[in-house]
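Listed here are the chains, written in short residue letters.
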Amino acid sequence: MAKAVIFDYGVGNLLGLKCALEQVGFGVSIGVSGQDLAQADALVLPGVGSFTPAAKKLECVKEAIQNKVVEGVPLLGICLGLQLFFEESAEGFGEGLAFFKGKVVRLQGDLKIPHMGWNTLNLVKSCELFDGIDGGAYVYFVHSLYPVPIDGSVVCTKTTYGTTFTSAVVDKNVYGLQFHPEKSGNVGLQILQNFAKIVMR
Amino acid sequence: MPLTKRIIPCLDVDHGKVVKGVNFLQLKRAGDPVELAKRYSDEGADELVFLDITASHEKRDILRHYVEGVAKTINIPFTVGGGIRNVTDARNVLCSGADKISVNTAAVEKPEIITELADVFGQQCIVVAIDAKRNLSPTEGKVTVQTDEGSVWFEVTTYGGRKSTGIDAVAWALQAEKLGAGEFLVTSMDKDGTESGFDIELTRAISEHVHVPVIASGGAGVPQHFVDVLTTGKADAALAASVFHYNKYPVPVVKDYLCKAGVAIRQ
């Protein structure tokens, strides 16, 4: 059984994500140290918390994560997890993992913020992670910031809420989702299943 | 395609059993929160709310047990409320698998709890529930609204509507938003349980003043009520219990109706 390790920033709910990953066939553990991450076939950065404390928690495992990614181990970032793949965030100080060039900015305008609820994915590039997902499929969002990658070729899906923003990025074995697949019903489950397929092949 | 409006079934749970609005003919099926949660999730509910009304010292263990049960069963977001008074209570519920926590009386009595919770768990995690009642006696300094009953303001109540506070619900919402509320769950104590429609004026008054999402609650009886509160009432989401428990208007029927009425809905 492929082993997925969820990195724990120390706040909130990881159970929903753990159950969803188990449902698609992973053995799942929660990790806090480089040693915990060493045995992983897949790494997951979850989506609960805020940038500055999470970036601080990541400092001690930064190298371990970067090494795993170089080895080719798939890395999935969800919401805040995705935002940590960028260099910096308007949410606060701290350095991200910089797998993607660019920064994370705030949603602005005459809108209810956080962007909370179900919105659609506009598929802009074919990607295995979205196999079997139709353009216009609904997924669950809850966020106040979004990523702005410098390299447009990493953008997989876009979503519109006032502005049209990047809602998924992929570069080789690094996958980032601004929405929560573990809270997105069957569509989310399909995306996690695709991730499992990528990990287990 | 825009952000859709959310339809949220609510489970009022006492000692691990759904108690409110249950059709006694279906007690066996409707009584178990985990089973009901699964049914609603499968039927296309956009989110779930659990309000724990257990008033006893074994509360914490019961709560943990069923929150975990639900978290393992569904894959849509869910909020847990009822007696959360501090960061420890909130952490227990969130670590058991809830995505958001809802605070009500504790926040009215000690508003700074909202900031404490938002600082630890993030603003998106904190739902402030407001139980409001129409007050017809004119009072200076309150946000008044013209209704078919004349000029009213909305008064915050606590302890499940038993205690009137004299606080203006709109002013309270604005204060709570500043303190870190990520969402409001606004229940009309006048409409709750009547199935005569949501309090449109109450919902709109709060929704127009705050910049975070508003869930309307109390009074849902027929699908048109959902249309009214999500359009005229400017709610971002609508919550109901008995219409769904009774199976009178299952979630897909309500969503279908909303869709035909032109409301953006996930189907």
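In the block above lies the structure referred to throughout.
Analysis parameters
Along each chain, residue indices are assigned from 1 in the same order as the chain's sequence is written. Here the convention is simple: chains get letters from A, ligands get numbers from 1, in the order in which they are written. Predicted model: local features are reported for residues with pLDDT of at least 70 only, side-chain atom pairs are reported and counted for 80 or more only, and whole-chain, interface and lining totals are derived from all residues. Based on all heavy atoms of the structure, the side-chain values leave hydrogens and waters out of the count. Definition used in this section: a nonpolar core is a set of buried Ala, Val, Leu, Ile, Met, Phe, Trp, Tyr and Cys residues joined via side-chain atoms within 4.5 Å. Buried residues are those whose accessible area, probed at 1.4 Å on protein chains only, stays under 20% of the maximum for their type, while exposed residues exceed 50% and partly exposed ones sit between those limits. Here a residue-residue contact requires only that any non-hydrogen atoms of the pair lie within 4.5 Å. By buried area we mean the combined loss of accessible area, with a 1.4 Å probe, across both parts when two parts are placed together. By definition here, a salt bridge exists when the distance from a side-chain nitrogen of Lys or Arg to a carboxyl oxygen of Asp or Glu is within 4 Å. For two strands to pair, DSSP has to find at least two bridges joining them. Strands here mean DSSP runs of E at least two residues long; helices mean DSSP runs of H or I at least four residues long; both are numbered from the N terminus. Stacked, tilted and edge-to-face are the three classes applied to pairs of Phe, Tyr and Trp rings, where Trp contributes its six-membered ring and a pair requires centres within 6.5 Å; stacked means planes under 30 degrees apart, edge-to-face means over 60, and tilted covers the rest. Axis geometry follows a simple rule: fit a line to the C-alpha atoms, using only the stretch in contact for helices, then measure angles between N-to-C directions, giving values from 0 to 180 degrees. Note that the term roughly parallel is reserved for angles under 35 degrees, roughly antiparallel for angles over 145, roughly perpendicular for angles of 65 to 115, and oblique for everything else. Crossing handedness: left-handed means the near helix sits turned counterclockwise from the far one by under a right angle, and right-handed means the same turn made clockwise. Residues are grouped as follows: nonpolar covers Ala, Val, Leu, Ile, Met, Phe, Trp, Tyr, Cys and Pro; charged covers Asp, Glu, Lys and Arg; every other residue, Gly included, is treated as polar. Seen with its strands pointing away from the viewer, a crossover is right-handed if its path from the first strand over the helix to the second goes clockwise.

Can you lay out the nonpolar core for me, pointing to particular residues and giving the numbers?
Counting 82 residues, the largest nonpolar core has B:Phe50, B:Phe78, B:Ile130, B:Phe184, B:Ile206 and B:Phe226 as the members making the most contacts within it. Counting residues in each nonpolar core, the second largest holds 41 residues, with A:Ala2, A:Leu76, A:Ala168 and A:Val170 among its members.

Any details on the interface of chain A and chain B? Residues and values, ideally.
On the side of chain B, 38 residues touch chain A, which itself brings 26 residues to the contact. Both sides together, the interface formed by chain A and chain B hides about 2,600 Å², and carbon and sulfur atoms give 57% of it. For chain A, the biggest contributors to the area lost against chain B are A:Lys112, A:Met116 and A:Trp118; these three give 28% of the whole. Between chain A and chain B we count 2 salt bridges in total.

Tell me about the sheet that holds strand S3 (residues 42–45) of chain A, residues and numbers included.
Residues and elements named next belong to chain A. Overall, mixed pairing links the 8 strands, which are arranged S2-S1-S3-S4-S13-S12-S11-S8 in an open sheet. The strands lining the two open edges of the sheet, one partner per strand, are strand S2 (27–31) and strand S8 (122–123). Both strand S4 (residues 75–78) and strand S13 (residues 174–177) contribute to a ladder of 4 bridges, which runs parallel. Across the sheet, leucine 75 pairs through a bridge with valine 174, a residue of S13.

How would you explain the packing of aromatic side chains if you had to name every residue and give the values?
All names here are of chain A. For the structure on display, the rule yields 15 aromatic pairs over all chains. Summarising the aromatic geometry, the rings of phenylalanine 141 and phenylalanine 179 are spaced 5.8 Å apart at their centres and angled 65° between planes, so their arrangement reads as edge-to-face. Of the two residues, phenylalanine 141 sits in strand S9 (residues 138–143) while phenylalanine 179 sits in the loop between S13 and helix H6 (185–200), which places them 38 residues apart along the sequence. A relative accessible area of 0% means that phenylalanine 179 is categorised as buried.

How would you summarise the packing of helix H2 (residues 33–43) of chain B against helix H3 (residues 59–73) of chain B if you had to cite specific residues and measurements?
Residues and elements named next belong to chain B. Look at H2 against H3: their axes get within 9 Å of each other, and the N-to-C directions meet at 25°. For the element pair H2 / H3, the angle class is roughly parallel. You can see that H2 and H3 cross each other, and the crossing is right-handed. The residues of H3 that touch H2, namely those facing Pro33, Val34, Ala37 and Lys38, are Tyr66, Gly69, Val70 and Thr73. Its residues assigned to classes, the contact of H2 with H3 comprises 5 nonpolar, 2 polar and 1 charged.

Describe in detail the pairing of strand S12 (residues 237–240) of chain B, supporting the description with residues and values.
Side chains of S12(B) alternate between two faces, with B:Ala237 and B:Leu239 and B:Ala238 and B:Ala240 buried alike. Handedness of the strand S11 (residues 214–217) of chain B-helix H9 (residues 223–231) of chain B-S12(B) crossover: right-handed.

Please give an account of the packing of helix H4 (residues 87–95) of chain B against helix H6 (residues 112–121) of chain B that cites residues and values.
Residues and elements named next belong to chain B. Where H4 contacts H6, the axes come no closer than 10 Å and their chain directions differ by 40°. As the angle between them shows, H4 and H6 are arranged oblique. Note that H4 runs across H6; the crossing there is right-handed. Two secondary-structure elements touch here, H4 through Val87, Ala90, Arg91 and Leu94 and H6 through Ile113, Glu116, Leu117, Val120 and Phe121.

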